[in-house]
Amino acid sequence: MQISDAAIIELVEQIGTHYQANIANRFMRPLLLQLPIKKWVWDAIDSFTQNSSQFDYQSFNYDDLYRQIRAFTDFIAVTRRQLLPTLKGRVLGFSGADKILMDMALNTFPSNLDLLAAYTKQLYYKLVELDSTNAREGIPAYLKYVDLQDIIARL
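Thresholds applied
Residues numbered from 1 in each chain as written. Predicted model: local features only at pLDDT ≥ 70, side-chain atom pairs only at ≥ 80, totals over all residues. Heavy atoms only, no water. Core = buried A, V, L, I, M, F, W, Y, C linked by side-chain atoms within 4.5 Å. Buried < 20%, exposed > 50% of the residue type's maximum accessible area, 1.4 Å probe, protein only. Helix = DSSP H or I, 4+ residues; strand = E, 2+ residues; numbered from the N terminus. Contact = heavy atoms within 4.5 Å. Polar contact = N/O pair within 3.5 Å; in protein donor to acceptor, adjacent residues only side chain to side chain.

**Let's talk about the nonpolar core**
Soluble, globular proteins show a tendency: their nonpolar side chains are buried together. Among the nonpolar cores identified, the biggest contains 49 residues, and Tyr-19, Leu-32, Tyr-66, Phe-75 and Leu-116 are the most heavily contacted of them. Contributions of two or more residues to this core are made by α1 (6-23), α2 (29-32), α3 (39-51), α5 (62-82) and α6 (97-134). The element best represented in this core is α6, accounting for 13 residues. When sequence neighbours within four positions are dropped, the list of residues in contact with Tyr-19 reads Ala-24, Arg-29, Trp-42, Ile-45, Thr-49, Phe-72, Phe-75 and Leu-116.

Okay, here's the thing in structure tokens:
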């Protein structure tokens, strides 16, 4: 079933913009790519963030969005566990204005990651609500996925 709910579309676009600007920007991306994150997670996140501006026209279905929410959940969990504890000590060889921007990116990254988690959680709640309301035969799509059961706890 295709999703065309305005609140979900707006949230998808907001997540994509926030991720591109504040999480996977040119300063943080080299650090993120060193994390032990599975390829399917990167693929799902890239698909989500690169297609979020086209969401209005093409829509997503429940299965795609649940898979992408799971990918963001895995990404956030690994990043919190592997990158955040060592983030303050990172120096990446930038100088001048780029050094200042890098320092800003490093200092704001934890709060930006928390904001990404909050947006992801909000999207999950809205999607589950819509899914439950529109479920055919009374069975929402999210109940098919065992790996969605711990999403809220991991965010």
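**A short note on the side chain of Gln-68**
Topologically, Gln-68 is positioned in helix α5. Given the relative accessible area of 2%, Gln-68 is considered buried. Within polar-contact distance, the side chain of Gln-68 engages the side chain of Ser-47 at 3.5 Å. Excluding anything up to four places from it in sequence, Gln-68 contacts Ala-44, Ser-47 and Phe-48.

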